[in-house]
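Coordinate inspection notes
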Amino acid sequence: MSSIWINSLNYENSFERLTKNVSADVCIIGAGIFGITTAYYLSKIGYKVVVVDRGKVAGKTTANTTAKITGQHGLIYRYLIDSQGKDLAKQYLFANEKAIKNIKEIVDDERINCDFEIQDSYVYTNDSKEVENIILENEAVNSLGYNSQLVDSTELPFKILKAIKFSNQAQFNPLKYVNGLIKCITNNGGKIYTDTIVYDINEEKDELITHTKYNKINSKYIVIASHYPFINKLGYYFLKMYQSTSYVIAVDIGDNIFNGMYINTNSPIFSYRFANFEDKKVLLVGGADHKTGEDMDLTGSYQILEDEVKRYYPKAKVLYRWNTEDCITLDKIPYIGEFSNFMKNVFVGTGFNKWGMTSSNVAANIITDKIREIPNEYEDVFKSTRLHAIKNSDEFGNMIKETTNSLVLNKLKIPKEDIMKLRNGEGSILEYDNDRVGAYKDESGKVYIVKPICTHLGCLLTWNNLEKTWDCPCHGSRFDYTGKNIYNPAIKDLENYTFEI
Ligand code: FES
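To keep things clear, this report deals only with the structure shown in the data block. (Residues numbered from 1 in each chain as written. Predicted model: local features only at pLDDT ≥ 70, side-chain atom pairs only at ≥ 80, totals over all residues. Heavy atoms only, no water.)

Here we come to the state of the cysteines. Inspection of every chain in the model, using the stated rule, returns one disulfide. Here C459 is linked by a disulfide to C474, with a sulfur-sulfur distance of 2.1 Å. As the torsion about the S-S bond is roughly -90 degrees, the C459-C474 disulfide counts as left-handed. Taken as a pair, C459 in the loop between β20 (447-450) and β21 (462-464) and C474 in the loop between β22 (469-471) and β23 (478-480) lie far apart in primary sequence, 15 residues in all. (Disulfide = S-S within 2.5 Å. Helix = DSSP H or I, 4+ residues; strand = E, 2+ residues; numbered from the N terminus.)

Okay, the side chain of D471 next. Structurally, D471 is set in strand β22. Residue classification places D471 among the buried positions, given a relative accessible area of 2%. There is a polar contact of 3.1 Å between the side chain of D471 and the side chain of R478. (Buried < 20%, exposed > 50% of the residue type's maximum accessible area, 1.4 Å probe, protein only. Polar contact = N/O pair within 3.5 Å; in protein donor to acceptor, adjacent residues only side chain to side chain.)

Mapping I453 onto the fold places it in the loop between β20 and β21. Residue classification places I453 among the partly exposed positions, given a relative accessible area of 23%.

Time to look at the packing of aromatic side chains. For the coordinates displayed, the defined rule picks out 22 aromatic pairs. Centre to centre, the rings of Y237 and Y335 are 5.6 Å apart; their planes meet at 75 degrees, and the pair counts as edge-to-face. Here Y335 lies in strand β16 (residues 335-338) and Y237 lies in the loop between β10 (216-224) and β11 (241-252), a separation of 98 residues in the sequence. We note that Y237, like Y335, is buried. In this structure an aromatic cluster arises from ring pairing among Y440, Y448, W463, W470 and Y481. One residue, K240, lies across the ring of Y335, its end atom 4.6 Å from the ring centre. The ring of Y79 carries the charged tip of K332 above its face, separated from the ring centre by 4.6 Å. (Phe/Tyr/Trp six-rings, centres within 6.5 Å; stacked < 30°, edge-to-face > 60°. Lys NZ or Arg CZ within 6 Å of the ring centre and 35° of its normal.)

As far as function goes, none of this settles anything; it's purely spatial.
What follows is the structure, encoded as structure tokens:
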């Protein structure tokens, strides 16, 4: 299950592993679109940059996004005005609109062939109970000095009741874009190392040190661009964010092409856009979101999307299926800026809330300006050390509940024999010899046993029956069935046990 982007090009996403100590002006931890864009801006103005990533370049969220470049982030502006005031809401909107222009400028200046195209963006509803929300949101956006429009019809293949249109937004192929940036970075003298896990950072004398298993990187500045920050101390991001999983299918619907990028307002979420693939246009349908690690049956996640498309295009052919994880902040605003008040010259960008194409560019610009020690007009909006009162009480309550439930190990009373009852392809938490174990039996009957305790901060993991992974409900770390860590903030693998049947 890999994304259409991964399948659309011979992507140069692997570089050498770091095998010696190196130094740079700026060490960027994480080679997703945010880390790579930051490296691009800094290397272009003469900073010596080193980028390190535990996996491949842009191998996780960037490779699996739907890549809509828009300032229309669902129904956010009325919420921002109510919770943070009009000035902040306006700054948030204009920062994201500026990001669209910035990305276009990079694509044009560097001649990056990444299928960039201008498209209008719509938030729509076909639920009569949501119409009022759409109308109020449109009024809120207009009150910020932005000309969005209320419309009653779109090019979607079904009737809608109301939609808000943002004109002149954009879309692209994110991996082709990142590939273009990589060429610029290496031409500018920047270095990229992949398959290199960073375990810690610290300060020694006047330098910052980034520690990998055997080597270190000395630098004046560090940018933590690792999706969910894996360093717990000082920043405390684990108290402020959780992760959400969503699903995408790429569908061939023949010549039934329509313009625009779309998302609806209520559950289940559906998002639509077209993408170029092998000389044709295919429809990307995203949605079916849920909190990562939620204890639920996930086997129908792709089917929800497929059923929806087939209502309008019964002959639609699904080409690819994939899923992704996004960091969600409790106040719906990304964290961009100083990692902590207690760590000088360490910066972070995280919590892009599923809108990472524009947010990553906003973050790269703010952090580049911070390193250059020049003011950025949007930095206060995204201040990463903020302690706003959380107005989004639903999300806060949800996070606390999940964390508490998971830290206190549930008292499951499953007899030892139940491990024998697991069907092939099934996984479960079992009580075994007075201990709790995570067991998975593969299709051939081989059993894999792990300690189902997250190596980030010790929450009890849940079994993901779609992806065959152990997922953490607290902050969204994920592990494959052998215990290998595949999503941060955890960086260590699970303990595993041998088991004899
Ligand atoms: Fe934080 Fe699991 S991801 S405890």
